[in-house]
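Remarks on the overall topology
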Amino acid sequence: MKKIVIAGGSGFIGQYLNKSFSKAGYEVEIISRQKKHINWNDLEGIQNALENAEILINLAGKSVDCRYTEKNKAEIIRSRVQTTQILGDAILKCQHPPVLWLNSSTGTIYRHEQDQPMTETQGVIGSGFSVEVAKKWEQTFFSFNLTHTRQVALRMAIVLGTDGGALKPLKNLVKFGLGGKQGNGQQMFSWLHIEDLKSIILFIAENEQLNGVINCSTPYVVSNENLMKTLRESMQVKLGLPSPAWLLKIGAMLIRTETELILKSRWVYPERLINAGFSFQYPRLKEALTSLI
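Attention in this report is confined to the structure presented alongside it. (Residues numbered from 1 in each chain as written. Predicted model: local features only at pLDDT ≥ 70, side-chain atom pairs only at ≥ 80, totals over all residues. Heavy atoms only, no water.)

Below, the discussion takes up the pattern of salt bridges. For the coordinates displayed, the defined rule picks out seven salt bridges. Glu113 serves as the salt-bridge partner of Arg111, at 2.8 Å between the closest nitrogen and oxygen. With a relative accessible area of 34%, Arg111 lands in the partly exposed category. Between Glu132 and Lys135 there is a salt bridge, with the nearest N and O atoms lying 3.3 Å from each other. Placement of both Glu132 and Lys135 in helix α4 (residues 129-142) is noted, with a separation of three residues, approximately one turn of the helix. On the basis of relative accessibility, which here comes to 29%, the residue Lys135 falls in the partly exposed class. (Salt bridge = Lys/Arg side-chain N within 4 Å of Asp/Glu carboxyl O. Buried < 20%, exposed > 50% of the residue type's maximum accessible area, 1.4 Å probe, protein only. Helix = DSSP H or I, 4+ residues; strand = E, 2+ residues; numbered from the N terminus.)

Turning to unusual backbone geometry, a few remarks are in order. Backbone geometry at Asn52 places phi at a positive 65°, although glycine is not the residue there. You can see Asn52 is positioned in the loop between α2 (43-50) and β3 (55-58). With phi around 60°, Gln236 is a residue other than glycine that occupies positive phi space. The exposure class of Gln236 is exposed, given its relative accessible area of 73%.

Two orientations exist for strands paired in a sheet by backbone hydrogen bonds: parallel and antiparallel. With respect to topology, six strands assemble into an open sheet ordered β2-β1-β3-β4-β5-β9, the strand pairing being parallel. Strands at the two margins of the open sheet, each flanked by one partner only, are β2 (27-31) and β9 (212-216). On average, adjacent strands in this sheet sit at an angle of 20° to one another, irrespective of strand direction. Taken together, the five bridges between strand β1 (residues 3-7) and β2 define a ladder with parallel strand orientation. By the bridge assignment for β2, Val5 is matched with Glu29. (Pairing = 2+ DSSP bridges. Axes fitted to C-alpha atoms, helices over the stretch in contact; angles between N-to-C directions.)

The subject of this paragraph is the side chain of Glu113. Looking at the element boundaries, Glu113 is found in the loop between β4 (100-106) and α4. Here Glu113 falls in the buried class, since its relative accessible area comes to 5%. At 2.8 Å, the side chain of Glu113 and the side chain of Arg111 are in polar contact. Those residues in contact with Glu113, other than ones at most four positions away along the chain, are Met118, Met188, Ser265 and Trp267. (Polar contact = N/O pair within 3.5 Å; in protein donor to acceptor, adjacent residues only side chain to side chain. Contact = heavy atoms within 4.5 Å.)

Side-chain direction in a regular strand flips from residue to residue, so the side chains alternate between the two faces of the sheet. Of all the seven residues making up strand β5 (residues 150-156), seven are buried; the element is thus mostly covered by neighbouring parts of the structure. Judged from the seven bridges that link them, β4 and β5 form a sheet pairing that is parallel. Each residue of the ladder has a partner; that of Leu102, found in β5, is Val152. In terms of handedness, the path from β4 via α4 over to β5 forms a crossover that is right-handed. Pairing of β5 with β9, which is carried by five bridges, proceeds in the parallel orientation. Residue Val152 lies in a different strand from β9, and its bridge partner there is Gly212. (Right-handed = clockwise from strand over helix to strand, strands pointing away.)

On inspection of all chains with the given rule, the structure shows seven aromatic pairs. Plain terms: the ring middles of Phe278 and Phe280 are 4.8 Å apart, the flat faces sit at 90° to each other, and that makes the pair edge-to-face. A single burial state applies to Phe278 and to Phe280, both of which are buried. Ring pairing ties together the aromatic residues Trp101, Phe141, Phe142 and Phe144, which thus form one cluster. Directly above the ring of Phe129 sits Lys73, whose terminal nitrogen or CZ lies 5.5 Å from the centroid. (Phe/Tyr/Trp six-rings, centres within 6.5 Å; stacked < 30°, edge-to-face > 60°. Lys NZ or Arg CZ within 6 Å of the ring centre and 35° of its normal.)

In structure tokens, the structure reads:
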């Protein structure tokens, strides 16, 4: 039985992958803060879990859905850098280390872009706190020189699924009549169906030439305005009031989050996956939402 280790496996994506891979016959080990899993303080347990693993998937890190106070910013960085460091150190101690280490990153590393897609080779790294988080995360990950473990950083777009993530709050906006465009509505929305994320993981595992940075996003990006329109149509809601930027800033303060999550234009293009022959099950937003709603 092939073994997959999911670090940070108690979150929305981790739970989905755990169920999917377990159902497919994999042995799945989870590292998290929860008592039922291997704890981050159990360094021996982490090393034992990694021995003879086919794939290590690291999803660990404090949610960025919060106010960017100095305390929260420090924890966002620490939770990513420290867990990545722990995993790398454990791999170095393994007699039979994981064949593949997939570490989360984010498409937010690219600049605010509305005119052209950001590919792995031509993408322009942006600026600001979220970009610095991604850069430090990837720097820690690639600081390890692992002879027997292939390393891939997954620059993920916003993952859509039924049990968490961004789709739930977006659906609530539509449900309560607030499903119009946000800001000017022209910011690009890069996204990925959670089932395609699982398929990408298996595809990378099978294609040994893939390493380094991989963009994980559907090639068919949509504007925020089209996102909300398609979501309203999928939920059969005719009207949706728009939310101007000034109102979003007030609302973000009230619910303790940041407007960057909504207003930054993300145009992430999966050039390396497409060139390697990957085929998306849900390439377009309408069919993705139909499967999830």
